2 protein chains.
Amino acid sequence: MQIRRFGQIGTLKADKVKEYTKLHSAVWPGVLKTINECNLRNYSIYIKGNQVFAYFEYAGTDYDGDMEKMSKDPVTIEWWKHTKPCFEGFEKGSFYEDMDEIFHFD
Amino acid sequence: MQIRRFGQIGTLKADKVKEYTKLHSAVWPGVLKTINECNLRNYSIYIKGNQVFAYFEYAGTDYDGDMEKMSKDPVTIEWWKHTKPCFEGFEKGSFYEDMDEIFHFD
């Protein structure tokens, strides 16, 4: 099975950086369970100023299907009610956006 | 041995995005050899607009020493003469900067 890698970037509201960081210091167990069941692995989030970057690997066989499944999980939906409004432009739908991979070395 | 993970962010000059991307589509073998010898693994670079993000893992036991070794490798020094000027603020020393990890899930 081919592991797929993802890089995503987002921008936080300046006054939400602390809240977003605090939430991620203790991610709810139900959210982690769903991440795992949706086949995401080696998932890291980095911050500098109000810029956030997420890196993760996908170990399943149906990424779109698994993301659909995640988006219907009640605990994840509740989690996103706390995390998504931390993003600059959330009101217009801004959240993490996929970046393009331009280099990889195993 | 503990694997260390790194996330780094950088900003490219708008007119250097194509050049930086092209360089990374065919990284010189000597650069890859040094990356490997300096114990960097699972190294990816992502781009969106002129924002770049690097993720890599360090599998050695002396990160600072290995980075010092990398900075003295003649091929890498030559490579950086092509890549570093692509960064916004390069003239003031700007390049990739380490971010803080706020979340990790294996």
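Along each chain, numbering runs from 1 in the same order as the chain's sequence is written. Chains and ligands are labelled by the order in which they are written, letters from A for the one and numbers from 1 for the other. Only residues with pLDDT of at least 70 get local features here, since the model is predicted, and only at 80 or more are side-chain atom pairs given and counted; chain-wide, interface and lining totals rely on the full set of residues.

1. Brief notes about the confidence of the model for chain A
For clarity, the cut-off: For every residue, the predictor states its confidence as a pLDDT score lying anywhere from 0 to 100.
Overall, the predicted model of chain A reaches an average pLDDT of 97, with 99% of residues at or above 70. Among the scores for the predicted complex, ipTM is 0.96 and pTM is 0.96.

2. What to know about unusual backbone geometry
Excluding glycine, residues mostly carry a negative phi; peptide bonds, for their part, are mostly trans. Residues and elements named next belong to chain A. Heads up, the condition is: Helix numbers and strand numbers start at the N terminus; a helix is a DSSP run of H or I with at least 4 residues, a strand a run of E with at least 2. Each residue is classified by how many other C-beta atoms fall within 10 Å of its C-beta atom, where C-beta atoms are placed from the backbone; a count of 20 or more means buried, 12 or fewer means exposed, and values in between mean partly exposed.
Positive phi outside glycine occurs at N39, with the angle close to 70°. Note on placement: N39 falls in the loop between helix 2 (29–37) and strand 2 (40–48). Look at N39 and you get buried, because 21 C-beta atoms sit within 10 Å.

3. Let's talk about the pairing of strand 2 (residues 40–48) of chain B
Our working rule: The pairing criterion is simple: DSSP has to find at least two bridges between the two strands.
Bridge count for strand 5 (residues 100–105) of chain A against strand 2 of chain B is 5 bridges, and the pairing is antiparallel. Its bridge partner being in strand 2 of chain B, F105 of chain A is matched across the sheet by Y43 of chain B. Taken together, the 7 bridges between strand 2 of chain B and strand 3 (residues 51–58) of chain B define a ladder with antiparallel strand orientation. Each residue of the ladder has a partner; that of Y46 of chain B, found in strand 3 of chain B, is F53 of chain B. The antiparallel pairing of strand 2 of chain B with strand 3 of chain B creates a hairpin that spans 2 residues between the two strands, and G49 of chain B there sits at a positive phi of about 60°.

4. A closer look at the sheet that holds strand 2 of chain B
The strand order 5(A)-2(B)-3(B)-1(B)-4(B) describes an open sheet built from 5 strands, whose pairing is antiparallel. Lying at the two open borders of the sheet, with one neighbouring strand each, are strand 5 of chain A together with strand 4 (97–98) of chain B.

5. Re the packing of helix 2 of chain A against helix 4 (residues 74–83) of chain A
Packed helices, taken two at a time, are described by their axes: the angle between them and the distance between them. Residues and elements named next belong to chain A. Operational definition: Interaxial angle, 0 to 180 degrees, is taken between N-to-C directions of lines fitted to C-alpha atoms, where a helix line uses only the stretch in contact. Roughly parallel refers to an angle under 35 degrees, roughly antiparallel to one over 145, roughly perpendicular to one between 65 and 115, and oblique to any angle outside these ranges. We call a crossing left-handed when the near helix sits turned anticlockwise from the far one by less than a right angle, and right-handed when that turn is clockwise. Contacts are defined on C-beta atoms placed from the backbone: any two residues whose C-beta positions lie within 7 Å are in contact. Each residue receives one of three labels: charged for Asp, Glu, Lys and Arg, nonpolar for Ala, Val, Leu, Ile, Met, Phe, Trp, Tyr, Cys and Pro, and polar for the others, Gly being one of them.
The geometry of helix 2 relative to helix 4 is characterised by a closest axis approach of 9 Å and an angle of 120° between their N-to-C directions. By the angle class used here, helix 2 and helix 4 are oblique. The crossing of helix 2 and helix 4 is left-handed. Seen from helix 2, the contacting residues are G30, V31 and T34; seen from helix 4, they are V75, T76 and W79. Residue composition of the contact of helix 2 with helix 4, by class: 3 nonpolar, 3 polar and no charged.

6. Brief notes about the interface of chain A and chain B
By a frequent convention, interface size equals the accessible area lost on bringing the separate parts together. Between chain A and chain B, the residue contacts involve 29 residues of the former and 29 residues of the latter. Among the secondary structure elements, those contributing two or more residues to the side of chain A that touches chain B are strand 1 (4–11), helix 1 (17–25), helix 2, strand 2, strand 3 (51–58) and strand 5 of chain A. Of all the elements, strand 2 of chain A adds the most residues to the side of chain A that touches chain B, at 8 residues. Along the lines of polarity and charge, the residues of the side of chain A that touches chain B split into 14 nonpolar, 8 polar and 7 charged.

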